[in-house]
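Chain and residue survey
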Amino acid sequence: MGVKIVDTALRDGSQSLIATRLTTDEILRVAPLLDKAGYYALEVWGGATFDSCLRFLDEDPWERLRAIRKACPNVKLQMLFRGQNILGYHHYSDDVVEKFVEKSLANGIDIIRVFDALNDVRNLKSAVDACIKYHGHCQIALSYTTSPVHTVDYYVELAKKVEKMGAHSLCIKDMAGVLLPGDAYELISRLKKETKLPIELHSHCTGGVCSMTYLKAIEAGVDIIDTALTPLSGGTSQPSTESFNYALKGTKYDPKLDQSKLDEASAILAKIKDKYLKNGTLKVKALQVNPNILRYQVPGGMLSNLMSQLDKQGAMDKYEEVLKEVPNVRKDMGYPPLVTPLSQMVGTQAVMNVMTGERYKMVPKEIKDYLHGLYGAAPAPVDEEVRKKIIGDDEVITYRPADKLEPSFEKLKKEYKKIAKCDEDVLSIALFENIAVDFLKRKYGLKAEEFNVTL
Ligand code: CO
């Protein structure tokens, strides 16, 4: 059997290259073609798309999901789910996590890819249990990073753990694009040998090595790779789907995608991409290879965030110094993988350390929370001297962070009964509070006028 392909253009491609601004209308122009192109699945929802719909696009993310499902009756639909953070930026109570999983599946998702920034499996448990309970395909993704503790053995042990948790498949999620071809070969070979799970590889082209890494992973027996339809591929996104379809054609790995459907969809998406190039959303920089990320082990999105933070403070001359400080902060924090939200936290701390001229003189609230254990267990011990300087003798929790969160779904449902017309609305509010409330007021406000009803 050939290699299976998941196309990520409509989620990660949009998120990596055009700040998640792809609209539902634009998605629906290509979705029916992709539905019949022979993919294993399409990644279309979750990640930052939910936030972007409510915050920037004035769209209901749940309606988007239902519309995509309708346009794609054949192919499996996949979403990215940040464990106990769901699609938001802090931990939510277990009942909200469970309800969100239930409703994601009910509205059209087949595969839920769950990950935790720290690979703390306690933060995956609620989502995984719910996905199994409501008969979804539960994929656990391990955040890939390099550090003295993130060895092949570390990932193999984690993979065995998630297999026991009941995951249906495993993904190596290399959000920064730092996985090198040789390392991928070793990692995938070991995972194939020591677990029974189908293995998927997700990486980014940022450092310029992704296609080489995928090919070595394929030789090592990887089952599924993530690629993006050409117009939203390359740079900080995934490699081109079409390129892989051509490269593997006629080999035992042939993914056998329908090239004419891909061409047709790509032609449409290329026009859409042009719009974002012209209006400045898509920056040439995002499309360029950046081997610095291999040197600093920093994701592309984080590099551009650092640049804009420094630019705003008129301190671009400190860029190199900040880049050198990032690995130091990361070491002090016990080597967290640099993925949302840790990438922003570590980046901001590095900027503060350099700008104030004294390490940890200024510390953002999120770093304080992290040091209290509120994000979960750090992969390696944190530097106790640094912890003491920042939080003194405060208690550091060792229980699962969400253990102390009270159930909140029914409470929110009652509290917002005038605005939230269905459980999906309540979930939008649970995750994005005022942003969702404002959106729903706009959404139903229009209808209220039409039907002359006062809300
Ligand atoms: Co990604």
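**Notes on the packing of aromatic side chains**
- Considering all chains together, one arrives at 13 aromatic pairs under this definition.
- For the pair Tyr370 and Tyr375, a centre-to-centre distance of 6.4 Å together with 50° between the ring planes defines the contact as tilted. The same class applies to Tyr370 as to Tyr375, namely buried.
- Through a chain of ring-to-ring contacts, three or more aromatic side chains come together here, namely Trp45, Phe50, Trp62, Phe81, Tyr89, Phe100 and Phe432.
- Of note, Lys216 hangs over the ring of Tyr185, and the distance from its end group to the ring centre comes to 5.1 Å.

**Let's talk about helix H7 (residues 152-165)**
- End to end, H7 covers 20 Å across 14 residues, agreeing with the expected 20 Å (1.5 Å per residue, within 8%).
- Of the residues making up H7, those classed as buried are Val152, Tyr154, Tyr155, Val156, Leu158, Ala159 and Val162.
- Elements that come into contact with the buried residues of H7 comprise strand S5 (137-143), strand S6 (169-173) and helix H8 (181-194).

**Some words on the pattern of salt bridges**
- A complete count under the given rule lists 35 salt bridges for this structure.
- A network of salt bridges, in which partner residues are shared, links Arg11, Asp12, Glu43, Arg113, Glu200 and Asp226.

**Some thoughts on the confidence of the model for the protein chain**
- Looking at the protein chain, the pLDDT average stands at 95 and 98% of residues meet or exceed 70.
- For residues 448-455, every residue scores under 50 in pLDDT, and the model assigns this stretch 6 contacts once sequence neighbours within four places are set aside.

**Structural notes on the packing of helix H3 (residues 49-57) against helix H4 (residues 61-71)**
- Two elements in contact, H3 and H4, have axes whose closest approach is 9 Å; the angle formed by their N-to-C orientations is 120°. In terms of orientation, H3 and H4 fall into the oblique class. In contact with Thr49, Phe50, Cys53, Leu54 and Leu57 of H3, H4 contributes Pro61, Trp62 and Arg64.
- Broken down by class, the residue content of the contact of H3 with H4 amounts to 6 nonpolar, 1 polar and 1 charged.

**Observations concerning the nonpolar core**
- Counting 145 residues, the largest nonpolar core has Tyr39, Phe81 and Phe100 as its most contacted members.
- Among the elements that take part in this core, helix H20 (residues 423-451) stands out by supplying 11 residues, more than any other.
- Setting aside its immediate chain neighbours within four residues, Tyr39 contacts Ile5, Asp7, Leu34, Val75, Leu229, Thr241, Leu257 and Leu262.

**Remarks on the packing of helix H5 (residues 94-106) against helix H6 (residues 125-133)**
- Where H5 contacts H6, the axes come no closer than 9 Å and their chain directions differ by 40°. Taken as axis vectors, H5 and H6 run oblique relative to one another. For the pair H5 and H6, the crossing hand works out as right-handed. Of H6, the residues touching H5 (which contributes Asp94, Val97, Glu98, Val101 and Leu105) are Ser126, Ala127, Ala130, Cys131 and Lys133.
- Its residues placed into classes, the contact of H5 with H6 shows 6 nonpolar, 1 polar and 3 charged.

**Focus on the coordination of the cobalt ion**
- Only Asp12 (OD), His202 (NE2) and His204 (NE2) from the protein reach the cobalt ion as donors, at distances of 2.0 to 2.1 Å.
- Between consecutive donors of the cobalt ion, the numbers of intervening residues give the motif D-x189-H-x1-H. On the criterion of sequence distance, the pair formed by Asp12 in helix H1 (residues 9-17) and His204 in the loop between strand S7 (199-202) and helix H9 (210-219) is long-range, its members being 192 residues apart.
- For His204, a relative accessible area of 6% corresponds to the buried category.

**As for unusual backbone geometry**
- Between Thr340 and the following residue, Pro341, the backbone shows a cis peptide bond with an omega angle of 0°.
- One can find Pro341 in the loop between helix H15 (319-332) and helix H16 (342-356).
- Although it is not a glycine, His135 adopts a positive phi angle of roughly 65°.
- A relative accessible area of 74% places His135 in the exposed class.

**Section: the sheet that holds strand S2 (residues 41-46)**
- Strand order around the closed barrel formed by 8 strands is S1-S2-S3-S4-S5-S6-S7-S8, with parallel pairing between neighbours. Across the sheet, the mean angle from the axis of one strand to that of its neighbour is 30°, orientation sign disregarded.
- The sheet strands contacting H4 are S2 and strand S3 (76-81), and the helix crosses S2 at an angle near 165°.

**Concerning the side chain of Asp35**
- Structurally, Asp35 can be placed in helix H2 (residues 24-35).
- In this structure Asp35 is buried but unpaired, with Lys36 as the nearest side chain of opposite charge at 4.2 Å.
- Here the side chain of Asp35 touches Val75 through a polar contact of 2.8 Å, landing on its backbone nitrogen.
- In this structure Asp35 touches Ala71, Cys72, Pro73, Asn74 and Val75, once residues within four positions along its chain are discounted.

Here is what the cut-offs are and how they apply
- Residues numbered from 1 in each chain as written.
- Predicted model: local features only at pLDDT ≥ 70, side-chain atom pairs only at ≥ 80, totals over all residues.
- Heavy atoms only, no water.
- Phe/Tyr/Trp six-rings, centres within 6.5 Å; stacked < 30°, edge-to-face > 60°.
- Buried < 20%, exposed > 50% of the residue type's maximum accessible area, 1.4 Å probe, protein only.
- Lys NZ or Arg CZ within 6 Å of the ring centre and 35° of its normal.
- Helix = DSSP H or I, 4+ residues; strand = E, 2+ residues; numbered from the N terminus.
- Expected span 1.5 Å × (residues − 1).
- Contact = heavy atoms within 4.5 Å.
- Salt bridge = Lys/Arg side-chain N within 4 Å of Asp/Glu carboxyl O.
- pLDDT = per-residue confidence, 0-100.
- Axes fitted to C-alpha atoms, helices over the stretch in contact; angles between N-to-C directions.
- Parallel < 35°, antiparallel > 145°, perpendicular 65-115°, else oblique.
- Nonpolar A, V, L, I, M, F, W, Y, C, P; charged D, E, K, R; others polar.
- Core = buried A, V, L, I, M, F, W, Y, C linked by side-chain atoms within 4.5 Å.
- Left-handed = near helix turned anticlockwise from the far one by under 90°.
- Donors = N, O, S within 2.8 Å, 3.2 Å for Na, K, Ca; no water.
- Pairing = 2+ DSSP bridges.
- Lys, Arg positive; Asp, Glu negative; His and termini not counted.
- Polar contact = N/O pair within 3.5 Å; in protein donor to acceptor, adjacent residues only side chain to side chain.

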